[in-house]
Amino acid sequence: MKGKKVDEIIRLQDITKHFPWKKRKYVKAVDGVSLSINKRDIFGLAGESGSGKTTLGRVILRLIDPTSGIIFYEGADITNIKMEKEMDLRRKMQIVFQDPYSSLHPRKKIKDIIGRGLKTHHLIENERELVEKAEEFLNLVGMGVEHLYRYPHELSGGQRQRVAIARALILNPGFVVLDEPTSSLDVSVQAEVLNLLKNLRENLDLTYLFITHDLSLARVFTEKMAVMYLGKMTEYGDTEDIFKNPMHPYTKALLSVTPQLDPKRKTKKIILKGEIPSPIDPPVGCGFHTRCIEKIGRICEEGFPQSKEMEKGHFVACHLYS
Ligand code: SF4
């Protein structure tokens, strides 16, 4: 089965991921998400914790199976393939995790952490090649050869995340999921790591899926983005369009409490009441209706709003626009 466009790297069609819960219930972590990511895009996936964005990232990478829906990579349906047998595809899709403290093996030297994938994929023949490649990729992420024989605990948080990036890139992937890659770093180091990632995207022709709860980071780093709430996509489009003209009440609320690039621009803060509902028993109708200040009555409580293209490439799922 083929995807629609040749320059697409990822296309999702109606992806769900429901985890079994006690008494025959399910956690609906991802619920009917469709989107596409073009080659060389930096695509943001934003939302509060519990919105399903990290689960969706793992489903795309086939670290976990979707419950239903179809995943295309470069036009090929990869939904049901066995990733342990598809070594080439595993190599092409990599991830950088949120926490560099726990994602690096504490008792391995940096050269072995960076080079492990080369061994797994039989891309080197001996230790000398491993050290040469590890050095090359350490340099690529702005670190020197002196770090090759150190252990993770001897590095700063920013250096560890650079090592995690080198480990992902040494396999020459096309698509990288960045799962909150700077959230455990100081603000000044965050900026350095994001600049590095942008430069690497240019130089290595990479495509990123950038998962974040921080919309100010999504604005400076991404080109397109989707906002998720309770496992569903509420708004999707070019990042600048969404920031200039947010349409979904949830997006408006998130942006109202996000620091503005222009400090003179005043936006009335919208404070969402209550917690995000449980994905085990999500509200019927629009999942956001229990917190929405623009709710328009029973229609919001009874029918889930379908995503509609309001401007070119700008999609919104809300009854206000039906
Ligand atoms: Fe609010 Fe209704 Fe739109 Fe949901 S569908 S966001 S409840 S207005």
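Up top you'll find the structure we're talking about.
Described in the following lines is the structure provided in the data block.

Definitions and limits used
Residues numbered from 1 in each chain as written. Predicted model: local features only at pLDDT ≥ 70, side-chain atom pairs only at ≥ 80, totals over all residues. Heavy atoms only, no water. Helix = DSSP H or I, 4+ residues; strand = E, 2+ residues; numbered from the N terminus. Buried < 20%, exposed > 50% of the residue type's maximum accessible area, 1.4 Å probe, protein only. Patch = residues over 30% accessible without salt bridge, like charges linked within 9 Å, V, L, I, M, F, W, Y side chains within 5 Å. Areas by Shrake-Rupley, 256 points an atom, 1.4 Å probe, with all protein chains shown as cover. Salt bridge = Lys/Arg side-chain N within 4 Å of Asp/Glu carboxyl O. Pairing = 2+ DSSP bridges. Contact = heavy atoms within 4.5 Å. Axes fitted to C-alpha atoms, helices over the stretch in contact; angles between N-to-C directions.

**As for the environment of Cys-292**
Okay, step 1: Along the chain, Cys-292 falls in the loop between helix H10 (249-256) and helix H11 (298-302).
Okay, step 2: With 124 residues separating them in the primary sequence, Cys-292 and Ala-168 have C-alpha atoms 40 Å apart.

**So, unusual backbone geometry**
Okay, step 1: The backbone phi angle of His-122 is positive, close to 55 degrees, even though this residue is not glycine.
Okay, step 2: With respect to the element layout, His-122 can be found in the loop between helix H4 (110-120) and helix H5 (127-140).
Okay, step 3: Look at His-122 and you get exposed, because its relative accessible area is 69%.
Okay, step 4: Within the chain, Asn-172 stands out as a residue other than glycine whose phi angle is a positive 60 degrees.
Okay, step 5: Tracing the backbone shows Asn-172 in the loop between helix H6 (157-169) and strand S7 (175-179).
Okay, step 6: Under the relative-accessibility criterion, Asn-172 is labelled exposed at 56%.

**Overview of a nonpolar patch on the surface**
Okay, step 1: Together, Ile-296, Ile-299 and Leu-320 make up a nonpolar patch on the protein surface, roughly 240 Å² of accessible area in all.
Okay, step 2: Looking at the secondary structure, you find Ile-299 in helix H11.
Okay, step 3: According to the relative accessible area criterion, Ile-299 is partly exposed, its value standing at 43%.

**Let's talk about helix H1 (residues 53-60)**
Okay, step 1: In terms of burial, H1 is largely enclosed, as 6 of its 8 residues are buried.
Okay, step 2: Looking one or two residues past H1, Arg-62 carries a phi angle of roughly 65 degrees, positive in sign.

**Regarding the sheet that holds strand S5 (residues 76-77)**
Hydrogen bonds between backbone atoms are what pair the strands of a sheet, whose relative direction is either parallel or antiparallel.
Okay, step 1: As summarised here, the arrangement of the 4 strands in space is S2-S1-S4-S5, forming an open sheet in which the pairing is antiparallel. Bordering the open sheet on either side are strand S2 (25-38) and S5, each of which pairs with just one other strand.
Okay, step 2: Where strand S1 (residues 8-21) and S2 come together, 11 bridges link them in antiparallel fashion. If you follow Pro-20 over to S2, its bridge partner there is Tyr-26.
Okay, step 3: Where H1 meets the sheet, it contacts S1, S2 and strand S4 (68-73), and its direction lies at approximately 115 degrees from that of S1.

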